[in-house]
Amino acid sequence: MSIDIPGIVRNFKLEGDFIYSEVYGCGHINDTYAVYFKRDNEAPIRYILQRINTHIFNAKDLMINICLVTDYLKDKIKEEGGDPSRNTLTIIPTKDGKLYYEDKDNACWRIYKFIEDTITYQSAADETVSRNVGAAFGHFQKQLAEFDATKLTEIIPDFHNTRKRFEALKKAIDADVKGRVKSAEDAISFALEREKYCDVVTSKLGTPQIPYRVTHNDTKLNNILIDPDTGKSVCIIDLDTVMPGSVLYDFGDSNRFGSNTAVEDETDLSKVTFDLGIFKAFTEGFLSEVGDILTCEEKELLPFSCILMTYECGIRFLADYLEGDVYFKTTHDTHNLERARNQFKLIEDMESKLEEMKKIVK
Ligand code: ADP
Ligand code: GN1
Ligand code: MG
């Protein structure tokens with residue numbers, strides 16, 4: 001089915017006339033486009049257009065969450081002397097003042113201001129960038145420390161409940177709807193052998209040791225826009241999963257992706273290693289912002305959280321492979337299996353480096 005992009009963008013309050021659009025970015029969840037507009041006597045302008053993945057999200061609740069969070073962040077950014085139009089997302093409303101547009105096929109579309117002159121990384125960057133990214137995610141945590149989380153819908157319940165992810169994997173193995181279990185035996189054994197990881201964080205979440213905090217929950221390195229000249233963070237994007245959670249989710253997930261020396265779907269597993277220098281830099285940046293607000297238990301679990309989040313992501317990729325690629329975007333049949341194997345190789349490397357990681361955090 002061809003998509004009528006000019007017809008869709010016509011419904012939004014935008015400057016200029018539509019010229020063209022292109023598929024954009026490397027996200028696994030929403031369909032993202034850059035849409036270009038021409039303006040009289042001015043350079044063309046582009047916006048980010050996204051078809052919200054409504055298999056995963058309730059578009060209305062999602063956009064209300066994002067509006068609440070970005071309004072709050074814009075005030076904080078102003079107080080800090082930052083630029084609210086670049087340091088967080090700006091939703092462009094529809095002509096009738098709505099946060100998204102629903103087309104005749106019930107597809108839901110949103111538009112953000114395009115944050116120009118930035119880059120994203122798909123695997124470990126250098127130590128300077130890693131330190132800055134750590135500080136930015138720590139700062140994000142601090143900015144939202146006073147935000148009233150009861151206003152937010154828990155947009156994906158149990159998003160980081162590793163035990164439930166594990167049970168979902170077991171169900172997918174038993175059902176074997178696509179007959180793929182045989183081809184994934186190595187990865188399945190790896191995942192099942194590490195069941196002990198499942199409850200380490202969730203069993204204490206909500207206690208004074210591991211309190212609920214408002215967290216981003218999807219802190220991969222391509223969800224942060226970086227200034228290519230200074231290596232500093234410009235904007236944390238992909239606010240779809242901002243919800244109450246543990247700070248360990250954000251720290252662990254960021255290192256899962258950002259301290260991996262290879263891209264997430266690299267199939268040459270000899271290239272997949274956990275870079276301790278990058279991890280150290282990230283940790284320095286992160287703790288420079290939140291070192292004084294974290295509990296002892298949280299600090300102690302920072303190194304393990306990297307293993308946990310990689311484990312959880314690996315079992316999600318694996319379950320999706322077994323279920324026939326119904327959740328993550330894939331380009332070929334074995335893509336999710338390759339991603340799972342990549343995450344599991346990274347876990348092996350982190351397991352062998354855990355003592356060093358603990359020393360670094362200390
Ligand atoms: P997904 O949920 O599918 O991961 P994202 O919201 O992360 O989608 O967007 C996908 C990619 O699009 C990002 O990794 C980034 O490269 C780019 N992107 C998203 N929003 C913006 C923005 N406001 N300005 C510039 N680039 C953006
Ligand atoms: C998805 O949306 P994106 O591509 O930034 C996923 C994350 C996974 C990640 C793995 C809402 O992130 O949870 O860790 O892929 N987001 C959602 O790369 O499920
Ligand atoms: Mg993303």
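Keep in mind that this is a model prediction, so the values were computed, not measured.

As enumerated under the stated definition, the model contains one cavity of 30 Å³ or more in all. Within this model, the largest cavity holds a volume of roughly 60 Å³. Among the elements that take part in the lining of the largest cavity, helix 3 (residues 127-143) stands out by supplying three residues, more than any other. For the lining of the largest cavity, the class distribution of residues is six nonpolar, three polar and no charged.

A few words on the nonpolar core. Core analysis: the largest hydrophobic core is formed by 99 residues, its most contacted members being Leu318, Leu322 and Phe344. Top contributing element to this core by residue count: helix 9 (residues 296-323), with 15 residues. Taken together, domain 1 (5-113) and domain 2 (127-361) each give at least three residues to this core, which thus spans both. Beyond its immediate sequence surroundings of up to four residues, Leu322 is in contact with Leu169, Ala172, Ile173, Val177, Lys178, Arg180, Val181, Ala184 and Ile188. By size, the runner-up hydrophobic cluster in this structure holds 14 residues, among which are Ile5, Ile8, Tyr33 and Val35.

So, about the coordination of the magnesium ion (ligand 3). Note on the magnesium ion (ligand 3): its protein donors are Asn223 (OD1) and Asp238 (OD). The metal-donor distances range over 2.2 Å. Taken together, the positions of Asn223 in the loop between strand 7 (213-215) and strand 8 (224-226) and Asp238 in the loop between strand 9 (233-236) and strand 10 (243-245) put the pair 15 residues apart, joining distant regions of the chain.

What follows is about unusual backbone geometry. The phi dihedral of Asp158 is positive, around 60 degrees, even though this residue is not glycine. Residue placement: Asp158 occurs in the loop between helix 3 and helix 4 (162-175). Positive phi, close to 60 degrees, is recorded for Asp325, a residue that is not glycine. Here Asp325 shows up in the loop between helix 9 and helix 10 (335-361). Look at Asp325 and you get buried, because its relative accessible area is 17%.

The full count for this structure, using the stated rule, is 17 aromatic pairs. Taken together, a centroid distance of 6.0 Å and an interplanar angle of 80 degrees make the contact between Phe251 and Phe279 edge-to-face. Placement of Phe251 in helix 7 (residues 247-258) and of Phe279 in helix 8 (residues 276-290) is noted, with a sequence separation of 28 residues between them. Positioned over the ring face of Phe114 is Arg46, at 3.9 Å from the centre of the ring. The ring of Phe190 has Arg194 lying over it, and the distance from NZ or CZ to the ring centre is 3.6 Å.

How each quantity is defined
Residues numbered from 1 in each chain as written. Chains lettered and ligands numbered in written order. Predicted model: local features only at pLDDT ≥ 70, side-chain atom pairs only at ≥ 80, totals over all residues. Heavy atoms only, no water. 1 Å grid on protein atoms, 1.4 Å probe; cavity = no way out; pocket = protein on both sides within 12 Å on 5 of 7 lines; lining within 4 Å. Points joined across faces, edges and corners; volume = space filled by probe spheres on them. Helix = DSSP H or I, 4+ residues; strand = E, 2+ residues; numbered from the N terminus. Nonpolar A, V, L, I, M, F, W, Y, C, P; charged D, E, K, R; others polar. Core = buried A, V, L, I, M, F, W, Y, C linked by side-chain atoms within 4.5 Å. Buried < 20%, exposed > 50% of the residue type's maximum accessible area, 1.4 Å probe, protein only. Domains from an automatic or database assignment. Contact = heavy atoms within 4.5 Å. Donors = N, O, S within 2.8 Å, 3.2 Å for Na, K, Ca; no water. Phe/Tyr/Trp six-rings, centres within 6.5 Å; stacked < 30°, edge-to-face > 60°. Lys NZ or Arg CZ within 6 Å of the ring centre and 35° of its normal.

No statement about biological role is implied by the geometric values presented.
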